[in-house]
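Here's the letter readout for the chains.
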Amino acid sequence: MKKTILFALIWVAAVACDQKQDATPQVELKTTSVPYRQMTTVAASGSDLKVDLQEITDSRCPKNAVCIQMGSAVMKFNVSDASSQTDVNVTYKGDRKTDYQTFTLSGQTYLLKVSEVLPYPETTQSPKLEDYKVNVTIEKK
């Protein structure tokens, strides 16, 4: 009986230690803050892209208000590399499942994700366009 228990414990320990390592290295994506109308360089999986936040329309529910809908922030970015540029429109609702847009630049497909739009609106004051900063990450697809 003791041998069976000892064997079972050794077997459980061996199975628990047998973890498979993923051989694919994961690229850590860096979030970059893009201010309104200020060209910003964003690292995109090994290449650098220039990103310019050109327009923003913020209809999110203010902090100290009760709203029927959460609202959204609609943004227009101009993204460029050394040889071409394109406009990318993203609607930010605060839902990581939908706050992104794919686009193609110089034959390469990218994914632009928005993780935060600041400042958050308040009922007492509306933010000025020049106060906006949008946190984005861009990755190659």
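Residues numbered from 1 in each chain as written. Predicted model: local features only at pLDDT ≥ 70, side-chain atom pairs only at ≥ 80, totals over all residues. Heavy atoms only, no water.

Chemist: When you look at the nonpolar core in this model, what are you seeing that I'm missing?
Modeler: Soluble globular proteins: nonpolar side chains tend toward being buried together. Counting residues in each nonpolar core, the largest one holds 25 residues, and the members touching the most others are Met 75, Phe 77 and Val 114. Elements with a contribution of two residues or more to this core: β2 (40–44), β3 (47–58), β4 (73–80), β5 (85–92), β6 (100–105), β7 (108–118) and β8 (133–140). When residues no more than four places from it in sequence are discounted, the contact partners of Met 75 are Leu 53, Glu 55, Ile 56, Val 88, Asn 89, Val 90, Tyr 92, Val 114, Val 117 and Val 134. (Core = buried A, V, L, I, M, F, W, Y, C linked by side-chain atoms within 4.5 Å. Buried < 20%, exposed > 50% of the residue type's maximum accessible area, 1.4 Å probe, protein only. Helix = DSSP H or I, 4+ residues; strand = E, 2+ residues; numbered from the N terminus. Contact = heavy atoms within 4.5 Å.)

Chemist: I keep staring at the state of the cysteines and nothing clicks. Help me out?
Modeler: Note on terminology: disulfide describes a covalent bond linking the sulfur atoms of two cysteines. On inspection of all chains with the given rule, the structure shows 1 disulfide. Linked covalently through their sulfurs, Cys 61 and Cys 67 form a disulfide whose S-S length is 2.0 Å. A torsion of 80° about the S-S bond marks the disulfide between Cys 61 and Cys 67 as right-handed. A relative accessible area of 12% places Cys 61 in the buried class. Overall, the relative accessible area of 37% leaves Cys 67 in the partly exposed class. (Disulfide = S-S within 2.5 Å.)

Chemist: How do you make sense of the sheet that holds β6 when you look at a structure like this?
Modeler: Either a parallel or an antiparallel arrangement is found when strands of a sheet pair, and the pairing is made through backbone hydrogen bonds. The strand order across the open sheet formed by 4 strands is β1-β8-β7-β6, and the pairing between neighbours is antiparallel. The sheet terminates laterally at β1 (32–35) and β6, the two strands that pair on one side only. Strand-to-strand twist in this sheet, taken as the mean axis angle between neighbours without regard to direction, amounts to 40°. Sheet topology places β7 next to β8; 8 bridges connect them, and they run antiparallel. Residue pairing for β8: Leu 111 is matched across the bridge by Glu 139. (Pairing = 2+ DSSP bridges. Axes fitted to C-alpha atoms, helices over the stretch in contact; angles between N-to-C directions.)

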